[in-house]
Amino acid sequence: QAQLLESGGGFVQAGDSLSLSCSYSPRTFDYHAMAWFRQTPGNDREFVSYLSRVGNTPHYADFVKGRFTISRDYDKRTLSLQMDNLQPDDTGVYYCASSNRDYSTLITDYKNWGPGTQVTVSS
């Protein structure tokens with residue numbers, strides 16, 4: 001079992017920004033693909049963004065392209081998500097996760113999850 005912990009969620013107005021962070025302890029995660037997922041009210045958990053295991057290549061869901069930026073800091077063992085121009089539809093619980101696959105958008109390919117952090121965007 002892995003240890004991951006998200007932080008940085010909060011209450012903001014539409015158009016505002018938030019930066020989420022996910023800290024992890026296992027050194028093996030330095031060699032994992034890592035991703036952000038979210039669960040919005042009444043909906044299933046959905047993919048938001050990943051960084052590939054090799055090359056650190058980012059990929060984004062269509063609904064966040066141009067607004068969100070994913071990054072990681074190997075020295076600090078953290079994964080981040082910079083969220084700009086937030087909208088009410090972005091409201092939900094945001095989770096970070098790791099996978100030993102090269103890259104994936106599938107929930108089932110991620111075996112290690114944090115407990116999530118709440119993001120609430122009002123109009």
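Heads up: the structure comes first, above all this text.
Here we summarise the structure given alongside this text. Here the structure is a predicted model, which means the values were calculated and not measured.

**A short note on the sheet that holds strand β3 (residues 18–24)**
Then, number 1: Spatially, β1-β3-β8-β7 is the arrangement adopted by the four strands of the open sheet, whose pairing is antiparallel. Each of the sheet's edge strands pairs with one partner strand only, and the pair in question is β1 (4–7) and β7 (68–73). With direction set aside, neighbouring strand axes in the sheet form an average angle of 15°.
Then, number 2: By the bridge criterion, four bridges tie β1 to β3 in an arrangement that is antiparallel.

**Some remarks on the side chain of Thr40**
Then, number 1: Mapping Thr40 onto the fold places it in the loop between β4 (33–39) and β5 (46–51).
Then, number 2: Accessibility expressed as a relative area gives 8% for Thr40, which makes it buried.
Then, number 3: The contact partners of Thr40, leaving out residues within four places of it in the chain, are Glu46, Asp89, Thr91 and Gly92.

**A word on the pattern of salt bridges**
Then, number 1: Applying the stated criterion to the full structure yields seven salt bridges.
Then, number 2: For Lys65, the salt bridge goes to Asp62, with nearest N and O atoms at 2.9 Å.
Then, number 3: A relative accessible area of 48% means that Lys65 is categorised as partly exposed.
Then, number 4: Judged by relative accessible area, Asp62 falls into the exposed class, the value being 63%.
Then, number 5: Arg101 is paired through a salt bridge with Asp109; the nearest N and O atoms lie 3.1 Å apart.
Then, number 6: Classification of Arg101 as partly exposed rests on a relative accessible area of 43%.

**What to know about the nonpolar core**
Then, number 1: Counting 30 residues, the largest nonpolar core has Trp36, Phe68, Leu79, Leu81, Met83 and Tyr94 as the members making the most contacts within it.
Then, number 2: Elements with a contribution of two residues or more to this core: β3, β4, β5, β7, β8 (78–83), β9 (92–99) and β11 (117–122).

**Comments concerning the pairing of β5**
Then, number 1: Taken across its six residues, β5 has five buried, putting it largely inside the fold.
Then, number 2: Bridge count for β4 against β5 is five bridges, and the pairing is antiparallel. Bridged to Arg38 within β5 is Glu46.
Then, number 3: Connecting β4 to the antiparallel partner β5 that follows it, the hairpin turn spans six residues, and Gly42 within it adopts a positive phi of roughly 80°.

What counts as what
- Residues numbered from 1 in each chain as written.
- Predicted model: local features only at pLDDT ≥ 70, side-chain atom pairs only at ≥ 80, totals over all residues.
- Heavy atoms only, no water.
- Pairing = 2+ DSSP bridges.
- Helix = DSSP H or I, 4+ residues; strand = E, 2+ residues; numbered from the N terminus.
- Axes fitted to C-alpha atoms, helices over the stretch in contact; angles between N-to-C directions.
- Buried < 20%, exposed > 50% of the residue type's maximum accessible area, 1.4 Å probe, protein only.
- Contact = heavy atoms within 4.5 Å.
- Salt bridge = Lys/Arg side-chain N within 4 Å of Asp/Glu carboxyl O.
- Core = buried A, V, L, I, M, F, W, Y, C linked by side-chain atoms within 4.5 Å.

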